[in-house]
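Chains, contacts and geometry: an overview
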Number of protein chains: 4
Amino acid sequence: DRPFALLAGPCQLESLDHARMLAEQIGRAATERGIPFIFKASYDKANRTSLSGKRGLGIEQGLEILATVREEFGCPVVTDVHDVEQAQRAGEVVDILQIPAFLCRQTDLLLAAGETGRAINVKKGQFLAPWDMANVAEKIASTGNDRIMLCERGTSFGYNTLVSDFRSLPIMAETGYPVVFDATHSVQQPGGLGGSTGGKREYVPVLAAAAMAVGCAAVFMEVHEDPDNAPSDGPNMLKLQDLPAVLDRLKALDAITKG
Amino acid sequence: DRPFALLAGPCQLESLDHARMLAEQIGRAATERGIPFIFKASYDKANRTSLSGKRGLGIEQGLEILATVREEFGCPVVTDVHDVEQAQRAGEVVDILQIPAFLCRQTDLLLAAGETGRAINVKKGQFLAPWDMANVAEKIASTGNDRIMLCERGTSFGYNTLVSDFRSLPIMAETGYPVVFDATHSVQQPGGLGGSTGGKREYVPVLAAAAMAVGCAAVFMEVHEDPDNAPSDGPNMLKLQDLPAVLDRLKALDAITKG
Amino acid sequence: DRPFALLAGPCQLESLDHARMLAEQIGRAATERGIPFIFKASYDKANRTSLSGKRGLGIEQGLEILATVREEFGCPVVTDVHDVEQAQRAGEVVDILQIPAFLCRQTDLLLAAGETGRAINVKKGQFLAPWDMANVAEKIASTGNDRIMLCERGTSFGYNTLVSDFRSLPIMAETGYPVVFDATHSVQQPGGLGGSTGGKREYVPVLAAAAMAVGCAAVFMEVHEDPDNAPSDGPNMLKLQDLPAVLDRLKALDAITKG
Amino acid sequence: DRPFALLAGPCQLESLDHARMLAEQIGRAATERGIPFIFKASYDKANRTSLSGKRGLGIEQGLEILATVREEFGCPVVTDVHDVEQAQRAGEVVDILQIPAFLCRQTDLLLAAGETGRAINVKKGQFLAPWDMANVAEKIASTGNDRIMLCERGTSFGYNTLVSDFRSLPIMAETGYPVVFDATHSVQQPGGLGGSTGGKREYVPVLAAAAMAVGCAAVFMEVHEDPDNAPSDGPNMLKLQDLPAVLDRLKALDAITKG
């Protein structure tokens, strides 16, 4: 019943300056509204639709940038990891390790992430029912680490489409772990553009608002100053300039829900 | 951008006294909160899962009760119709004719309903995409009647399950017609009990809250003083005693969304 | 374990001559292969996607044509009915009454059809699980008429798409009633063309072959000499010229399955 | 248009003797029918539903057993790999590397597998459309290795359920790569037993038959002499004693399809 936190940033790290700019501007928008802010960015897009999609700066440079942002802006940082070794390396730098949805059932990755002692944000697989996330959380908790967050990011619904089932939020909350709603990946149309994933940016504020009214601990959003020219996830990222109005609305809804 | 209206009442008419009791109590809860109230009840459950399900009082007695409630309580009334003749007869009594989801593509029924000049609330078929409701509305509008409401009540999602896609609300709103969210049928589990339809009543306030945050013109809810012993839709009807708290929350959320 | 029967004909009746031509040609292709043939055609398309879709010749003229075909070619005929009165009227002319998928839960229609004593082919709703068809059959059987066929025609799968779940055939067969596979509606893309329903004709032989290998009592196919210019269901009807090769393959597969 | 091959074996390796017994018996059943046989078994179940599920013998011992089976029985062997290092190690032993469905979008794994020069069987993710597998194949082919097989193993359909869309087979075949149908995982009910995955073994022959009638290059089936006591995938594995009759039927259907 605490106010929601914001996990936000670009889909992928582009450069230190770009990360700084977004951390500064998103951070300011959040802080001005009393919303706890965690900077999110990926150093590697390990599962692009096609080989021609840009993968990112790599773990070495990526973790350096995240460490710099963390220090300069004093905000926690979150990034996603794809194998045991990445979990260990990223675990030395970031505050929250994120498990990608496709990988949420990979036992070794979950255990390695848990063993870092960092908080873990697990995305619910598009192929999983919300009640099945209890088993996923239990794998992590078996390491003695119970700093777990469960994240809804859309469920397979026919081909090239996801649907957000908002019953998922209270169902996952029954585990006792905080629940996060990922408002930008939820509007993806996987593979919808043939060689890349499409999306409907206009529904990001719609679904985020629904999540606030239903109740969740945090909202995850990928934000970019120029999504249409971003190296990945352009169609579903929120425009930076639209963020303040969205946060105002979410904050007001959250206050009603948790009031 | 006007405050939401409430379409509510029992799934099926049981007796005049029962209808009076519910109209009085639901109406009071709504009116005290400044929420426009439309009494809803069915005279015939024409598509029960199995033959042993109770069908209701029939159109003759049903319309009489609805007319009485309408006059005694001064509230508009809405009921569902299943064929051309029913549309004509009910259209002489009720304020809003409702087209059941399974029947939302039956052209003759839509035209007959439209020709009564009454307002029409069309439930979106569980098998239809939200954008396909524009064609449905157009059938009704071809009669010169544009008092149309489009109602989301859940979409087929695997077997015996519905999912509420909240993108549906803004998509249907693009038609220009007001959009209604049916919060009790959306939690049905069709056929989920073998010989009858199951449901998860606890998600009614959850989904209604999401709808308010997304924005809609009205909420539809079946309400009963003792759902577990109601002749139909027990598992998904809201308990009468829970209505006031639900309305308080919806009203607060609606004010944020439309403020 | 008897060889499969073929229910086939145009989506809608266009004229007596057109019906004659198709009954003659489809009938010959079937008879030459020892496949029992039932001529299928609709006199009214009561649930077109949009109002501008052609509805057909109407029940009066339609039943006359069906009676003529039945007498001239000596084949049974099947047509779909949409309300109680139509069931009664068509029941005096045709051998098999068909219940459309959208209407498979309308109790009065099922009872009226059952009471004609004719055989009834019920399409499984796109929104229904296969095991739920037992309740549907029971409604008809309550009239004392057990000449019931249950027909798979695709299940909602996301928006504007159907999927054919072939487990459905043995599941529905557990009722003891013969199971029909509708190979042309199963490849529809409902609403997929905006104002009308799309489809993928090339998958008709694919899905029909799968049904034969799984085992079913009959195959339903809409067939037209020029589907691209047919008044309805063009994208999913089989071309008449392709029918003989398809029947050859189905017959060979059916012989393996039932051998 | 060559006769189908059989990829079969236990879900997980249990011991050398157990592997020998199954390779011998499955191999004999296949060979007697002129069906090319590839022995399949996993050394690690890396994504069990819950932590308490048995994971297997590990890569060291597992590859030893596979190498022994390969030599003793003269049959090719296939196993699944979960990361780059495993792909490299297994690639030195087995004939076919298999990419698990959950991992079919992990670019590094696909590239590492491709670089071994071994044949690659990629399972289509439960969250992927069949046409999206062209992008997956292209990643592997970028390594210069075009010995690629694309495998249908069911698609998410609501919660805890998969559906087999047989249009998927011809769609994936448009890539030019051979298509495999996995008949045992397709009948899984993921997470359906709470702490483990359920399944409906009785539909294995049903779906395999459908695949043969539609046309595919190979069938994948997990087979066990006592599935109910197997360490994993018991509910969906085929009983060894049922294999000969199933192969007879598949062979007959395949001959029709490819004749």
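Calculation rules
- Residues numbered from 1 in each chain as written.
- Chains lettered and ligands numbered in written order.
- Predicted model: local features only at pLDDT ≥ 70, side-chain atom pairs only at ≥ 80, totals over all residues.
- Heavy atoms only, no water.
- Helix = DSSP H or I, 4+ residues; strand = E, 2+ residues; numbered from the N terminus.
- Buried < 20%, exposed > 50% of the residue type's maximum accessible area, 1.4 Å probe, protein only.
- Contact = heavy atoms within 4.5 Å.
- Areas by Shrake-Rupley, 256 points an atom, 1.4 Å probe, with all protein chains shown as cover.
- Lys, Arg positive; Asp, Glu negative; His and termini not counted.
- Charge placed at Lys NZ, Arg CZ, Asp CG, Glu CD.
- Least-squares fit on C-alpha atoms with pLDDT ≥ 70 in both.
- Patch = residues over 30% accessible without salt bridge, like charges linked within 9 Å, V, L, I, M, F, W, Y side chains within 5 Å.
- Salt bridge = Lys/Arg side-chain N within 4 Å of Asp/Glu carboxyl O.
- Buried area = accessible area lost by both parts, 1.4 Å probe.
- Nonpolar A, V, L, I, M, F, W, Y, C, P; charged D, E, K, R; others polar.
- Phe/Tyr/Trp six-rings, centres within 6.5 Å; stacked < 30°, edge-to-face > 60°.
- Lys NZ or Arg CZ within 6 Å of the ring centre and 35° of its normal.
- Polar contact = N/O pair within 3.5 Å; in protein donor to acceptor, adjacent residues only side chain to side chain.
- Arc of directions from axis to C-beta.

**Some details on the overall build of chain A**
Helix and strand counts for chain A come out as 8 helices and 13 strands. C-alpha atoms of chain A, sized along the principal axes, occupy 40 × 40 × 40 Å. Within chain A, the fraction of its 259 residues that count as buried is 64%. In chain A, the proportion of contacts linking residues at least 24 apart, taken out of those at least 6 apart, comes to 69%. Surface accessibility of chain A: about 8400 Å² in total, with carbon and sulfur atoms responsible for 46%. Positive and negative side-chain charges in chain A, numbering 25 and 33 respectively, have mean positions lying 3 Å apart.

**Things to note about the relation of the copies chain D and chain A**
Rotating chain D by 180° and translating it 0.0 Å along the rotation axis places it on chain A, where the RMSD comes to 0.0 Å. Overall, the copies show the geometry of a two-fold rotation axis. Both copies present the same face, since 100% of the interface residues in chain D are matched by interface residues at the equivalent positions in chain A.

**Concerning a negative patch on the surface**
Taken together, the side chains of Asp83(B), Glu85(B), Asp83(C) and Glu85(C) define an acidic patch exposed on the protein surface. The topology assignment puts Asp83(C) in the loop between β3 (77-80) and α3 (84-91).

**Quick look at the environment of Gly114(A)**
All names here are of chain A. Take Gly-114: it is sitting in helix α4 (residues 107-115). Exposure remark for Gly-114: the relative accessible area of 2% places this residue in the buried category. Sequence separation between Gly-114 and Lys-139 is 25 residues, and the spatial gap between their C-alpha atoms is 8.5 Å. Beyond its immediate sequence surroundings of up to four residues, Gly-114 is in contact with Ile-120, Ile-140, Thr-143 and Asn-145.

**Digging into the interface of chain C and chain D**
Every contact between the two is made by 25 residues of chain C and, on the other side, 25 residues of chain D. In this assembly, chain C packs against chain D so that about 2100 Å² is buried in total across both faces, 72% of it on carbon and sulfur atoms. Summed over the three residues of chain C that lose the most area to chain D, namely Arg167(C), Tyr203(C) and Ile256(C), the buried surface amounts to 29% of that side. At the boundary of chain C and chain D, one finds 0 salt bridges. Within the residue set of the side of chain C that touches chain D, elements represented by two or more residues are β7 (155-156), β8 (162-163), α6 (168-173), α7 (204-214) and α8 (243-258) of chain C. Top contributing element to the side of chain C that touches chain D by residue count: α7(C), with 6 residues. Grouping the constituent residues of the side of chain C that touches chain D by class yields 16 nonpolar, 5 polar and 4 charged.

**Section: the packing of aromatic side chains**
On inspection of all chains with the given rule, the structure shows 26 aromatic pairs over all chains. Ring pairing ties together the aromatic residues Trp131(A), Phe157(A), Trp131(B), Phe157(B), Tyr159(C) and Tyr159(D), which thus form one cluster. One Lys or Arg, Lys123(B), reaches over the ring of Phe220(B) and ends 4.0 Å from the middle of that ring.

**Some remarks on the environment of His82(C)**
Residue and element names in this part refer to chain C. With respect to the secondary-structure elements, His-82 resides in the loop between β3 and α3. Separated by 110 residues in the primary sequence, His-82 and Gly-192 have C-alpha atoms spaced 24 Å apart. Contact partners of His-82, with chain neighbours within four places excluded, come to Tyr-43, Asp-44, Ala-46, Pro-100, Leu-103 and Leu-109. A polar atom in the side chain of His-82 sits 2.8 Å from the side chain of Gln-86.

**Examining helix α3 (residues 84-91) of chain B**
Residues and elements named next belong to chain B. Residues of α3 that are buried include every one of Gln-86, Ala-87, Ala-90 and Gly-91, and no others. Within α3, the buried residues cover an arc of 125° as seen down the axis, which keeps them to one side. Contacts made by the buried residues of α3 are with α2 (59-73), β3 (77-80), β4 (96-99) and α4 (107-115). Two or three places before Glu-85, at the start of α3, stands the capping residue Asp-83, its side-chain oxygen 3.2 Å from that residue's backbone nitrogen.

**Some remarks on the interface of chain D and chain A**
Taken together, the 36 residues of chain D in the interface contact 37 residues of chain A. For the chain D and chain A pair, buried surface summed over both sides reaches about 3200 Å², with 51% attributable to carbon and sulfur atoms. For chain D, the biggest contributors to the area lost against chain A are Leu51(D), Arg105(D) and Tyr159(D); these three give 23% of the whole. For the salt bridge of Arg55(D) with Asp108(A), the shortest nitrogen-to-oxygen distance reads 2.6 Å. On inspection of chain D and its partner chain A, the count reaches 14 residue pairs in polar contact (both at pLDDT 80 or more). Those elements giving two or more residues to the side of chain D that touches chain A turn out to be α4 (107-115), α5 (133-141) and β7 (155-156) of chain D.

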